[in-house]
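Letter by letter, the chains look like this.
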Amino acid sequence: MLNIDLKGKKAFVVGIGDDQGFGFSIAKTLFEAGCEIIIGTWAPIVKIFETSWKNKKFDESRKLKDGSLFDYIKLYPIDASYDYPEDVPSDIKENKRYKELSGYTVSEVAKKIEKDFGKIDILVHSLANSPEVMKSLLETSRKGYLAAQSASAYSLISLIHHFGPLMNKNSSALALTYEASTKVVPQYGGGMSSAKASLESDIRTLAYEAGRKFKIRINAISAGPLKSRAAKAIGFIDDAINYSKANAPLQKDLAPEEVANAALFLLSDLASAITGEILFVDNGLNIMGMAMDSKSFEKSEKN
Ligand SMILES: NC(=O)c1ccc[n+]([C@@H]2O[C@H](COP(=O)([O-])OP(=O)(O)OC[C@H]3O[C@@H](n4cnc5c(N)ncnc54)[C@H](O)[C@@H]3O)[C@@H](O)[C@H]2O)c1
C-alpha cells in the first residue's frame, strides 16, 4: 500500500487565522499524515485565534478520522509584511494589537523557530492581503498596490530567504495562488491580481534559486473559490462559487480538504521531481474558454 508518512517531519504553516481557510485544512491534513505543526498567525489576530482555540470553537473542525483532535506544537505571531524589526513603522509598533507582541517580523520568527526546533521540513505560505481589495485596479493607489505586493507576494521571497537555511535538504515549500493572476477577474481588485502574477513568477525563479542553494522544492496550488474569511472580505465569493458550479467541468463546491490533499502530495517525497509548478485544484474551472451559463447559450441544446 502506498502511504504518505510524514512522521518525524515538522511543518511551519503561515496564514492560519481560523478554521475556515486553506492554511488550517492543509495543516490538519499534514498533521493527520504524522507531521508536527508549527503555526504562524498574523500578529493582530493572534489573541482572538488563541482564545477561540482554547474555548473549543474550532474543535469540530479539528476532528480527525479517528476522532482525536488536530493540534499544533507552537504558534508564532508573524507579520509577513516586515522582514526586520527596523522595518516596522511606529504606528504599527504602537498599535494596541501589536504592542504586547515582539519578534513578529519574518527574520525574527525564523530565528525563534531555529532556536526552538532546529530544522524544519515543510513551509506553507497561505496568506494574502490588500488594503484596497474592493477597488478596481484602475482606482488602486500606489500605496495600496505596493501593500498588496508586499503582503501577498514579497512575503514568500522573504520566507524562503529566511527559512531556506533552516529547511532540511529535499524538503518542500508551497504557496496558494488564484487564477486572477493570468485571467481577468474584475472583482479581484486592489492589485491582488498583480500580486498573484508576481507570486507565480517568483515561484519559478525561487524554485530554481532555492533548488540550487538549499536543495528544496517550491510549488503553488491555484485554488478555486472557497468561502474563507479573506475571501469574504473581497465581497464576491458567493458569486464566484456559483459561477464555478455553473461553468466548471465538476459542478460541485470545492472542499478545502481537496486542496489540502493536493498540498500533501506536493509537500511529500511522492512529488520529489516536481518544482516551480502551479497546480490547479479548482474543479477544472481554469480549462474553460466559455461561460456555459451565458445568456448566449440559452437556445443551445448542448449546454
Ligand atoms: N478563498 C479563496 O477563494 C482562494 C482561492 C485561491 C487562492 N486563495 C489563497 O489562499 C491563501 C489563503 O487564503 P484563504 O482564502 O484560505 O483565507 P484565510 O483568511 O484563511 O487566510 C489568509 C490569512 O492571511 C493572513 N494574513 C494577512 N496578512 C498577513 C500578513 N501580513 N502576515 C501574516 N499573515 C497575514 C490572515 O490573517 C489570514 O489568516 C491566500 O493566498 C489566498 O489568496 C484563496
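The structure under discussion appears in the preceding block.
Keep in mind that what you see is a predicted model, and the values were worked out from it rather than measured.

Thoughts on the overall build of the protein chain
Thinking step 1. The number of helices and strands found in the protein chain is eleven helices and seven strands.
Thinking step 2. In terms of overall size, the protein chain behaves like a compact globule, its C-alpha atoms giving a radius of gyration of 19 Å where 303 residues would be expected to give roughly 19 Å.
Thinking step 3. Along the three orthogonal principal directions, the C-alpha set of the protein chain runs to about 65 × 55 × 45 Å.
Thinking step 4. Evaluated residue by residue, the protein chain yields a buried proportion of 44% over its 303 residues.
Thinking step 5. In the protein chain, 78% of the contacts between residues at least 6 apart in sequence involve partners at least 24 apart.

As for helix α6 (residues 106-117)
Thinking step 1. Taking 1.5 Å per residue as the helical rise, α6 with its twelve residues ought to reach 16 Å, and the 16 Å between its terminal C-alpha atoms agrees with that figure.
Thinking step 2. Those residues of α6 lying buried are Val106, Val109, Ala110 and Ile113. Taken end-on, α6 shows its buried residues confined to a sector of 100°, consistent with a single buried face.
Thinking step 3. Residues of α6 that are buried in the fold lie against β1 (10-14), β2 (36-42), β3 (74-78), β4 (120-125) and α7 (142-163).
Thinking step 4. Positive phi appears at glycine 118, one or two residues downstream of α6, with a value of about 75°.

Section: the site of the ligand
Thinking step 1. For the ligand, the set of nearby residues contains 28 residues, the closest of which are Gly17, Gly21, Leu127, Ser228 and Ala230.
Thinking step 2. Only α1 (22-32), β5 (167-177) and α9 (229-234) provide two or more residues apiece to the shell around the ligand.
Thinking step 3. A total of three residues in the shell around the ligand trace back to one element, the largest contributor, which is α9.

As for the nonpolar core
Among soluble globular proteins, nonpolar side chains are generally buried collectively.
Thinking step 1. In terms of nonpolar packing, the biggest core is built from 84 residues, with Ala11, Val13, Leu30 and Ala263 touching the most fellow members.
Thinking step 2. When residues of this core are assigned to their parent elements, the largest contribution, ten residues, is made by α7.

Quick notes on the sheet that holds strand β6 (residues 217-223)
Thinking step 1. Taken in spatial order, the seven strands line up as β3-β2-β1-β4-β5-β6-β7 in an open sheet, and their pairing is parallel. Unpaired on one side and paired on the other, β3 and β7 (278-281) mark the two borders of the sheet. Sheet twist, expressed as the mean angle between neighbouring strand axes with direction ignored, is 20°.
Thinking step 2. Where β1 meets β2, five bridges bridge the pair, whose relative direction is parallel. Among the inter-strand pairings, lysine 10 is bridged to a residue of β2, identified as glutamate 36.
Thinking step 3. Against the sheet, α6 contacts β1, β2, β3 and β4, and its axis sits at roughly 165° relative to β3.

As for the packing of α7 against helix α8 (residues 192-214)
Thinking step 1. Two elements in contact, α7 and α8, have axes whose closest approach is 9 Å; the angle formed by their N-to-C orientations is 15°. Comparing their axes, α8 and α7 come out roughly parallel. Both α7 and α8 take part in a crossing whose hand is right-handed. Of the residues in α8, those touching α7 at Tyr145, Ala148, Gln149, Ser152, Ala153, Leu156, Ile157 and Ile160 are Met192, Ser194, Ala195, Ser198, Leu199, Asp202, Leu206 and Ala210.
Thinking step 2. Across the contact of α7 with α8, the residue classes break down as eleven nonpolar, four polar and one charged.

Some points on the packing of α1 against helix α11 (residues 256-267)
Thinking step 1. Relative to each other, α1 and α11 sit at 55°, their axes nearing to 8 Å. On the basis of their axis angle, the class for α1 and α11 is oblique. The element α1 and its partner α11 pack so that their crossing is right-handed. Contact residues: α1 offers Phe22, Ser25, Ile26, Lys28, Thr29 and Leu30, while α11 offers Pro256, Glu257, Val259, Ala260, Asn261, Ala263, Leu264 and Leu267.
Thinking step 2. Classifying every residue of the contact of α1 with α11 by side-chain character gives nine nonpolar, three polar and two charged.

Points about the pairing of β6
Thinking step 1. With seven of seven residues buried, β6 lies mostly within the body of the structure.
Thinking step 2. Of the two faces of β6, both are covered, the one formed by Arg217, Asn219, Ile221 and Ala223 as well as the one formed by Ile218, Ala220 and Ser222.
Thinking step 3. Here β5 runs beside β6; their pairing, made up of six bridges, is parallel. Its bridge partner being in β6, serine 172 is matched across the sheet by arginine 217.
Thinking step 4. After leaving β5, the chain enters α8 and then returns to the sheet as β6, a path that is right-handed.
Thinking step 5. Relative to β7, β6 runs parallel, the two being bridged by four bridges. Its bridge partner lying in β7, alanine 220 is registered against isoleucine 278.

Conventions used here
Residues numbered from 1 in each chain as written. Predicted model: local features only at pLDDT ≥ 70, side-chain atom pairs only at ≥ 80, totals over all residues. Helix = DSSP H or I, 4+ residues; strand = E, 2+ residues; numbered from the N terminus. Rg over C-alpha atoms; globule rule 2.2 N^0.38 Å. Buried ≥ 20, exposed ≤ 12 C-beta atoms within 10 Å, placed from the backbone. Contact = placed C-beta atoms within 7 Å. Expected span 1.5 Å × (residues − 1). Arc of directions from axis to C-beta. Near = placed C-beta within 6 Å. Core = buried A, V, L, I, M, F, W, Y, C linked by C-beta atoms within 7 Å. Pairing = 2+ DSSP bridges. Axes fitted to C-alpha atoms, helices over the stretch in contact; angles between N-to-C directions. Parallel < 35°, antiparallel > 145°, perpendicular 65-115°, else oblique. Left-handed = near helix turned anticlockwise from the far one by under 90°. Nonpolar A, V, L, I, M, F, W, Y, C, P; charged D, E, K, R; others polar. Right-handed = clockwise from strand over helix to strand, strands pointing away.

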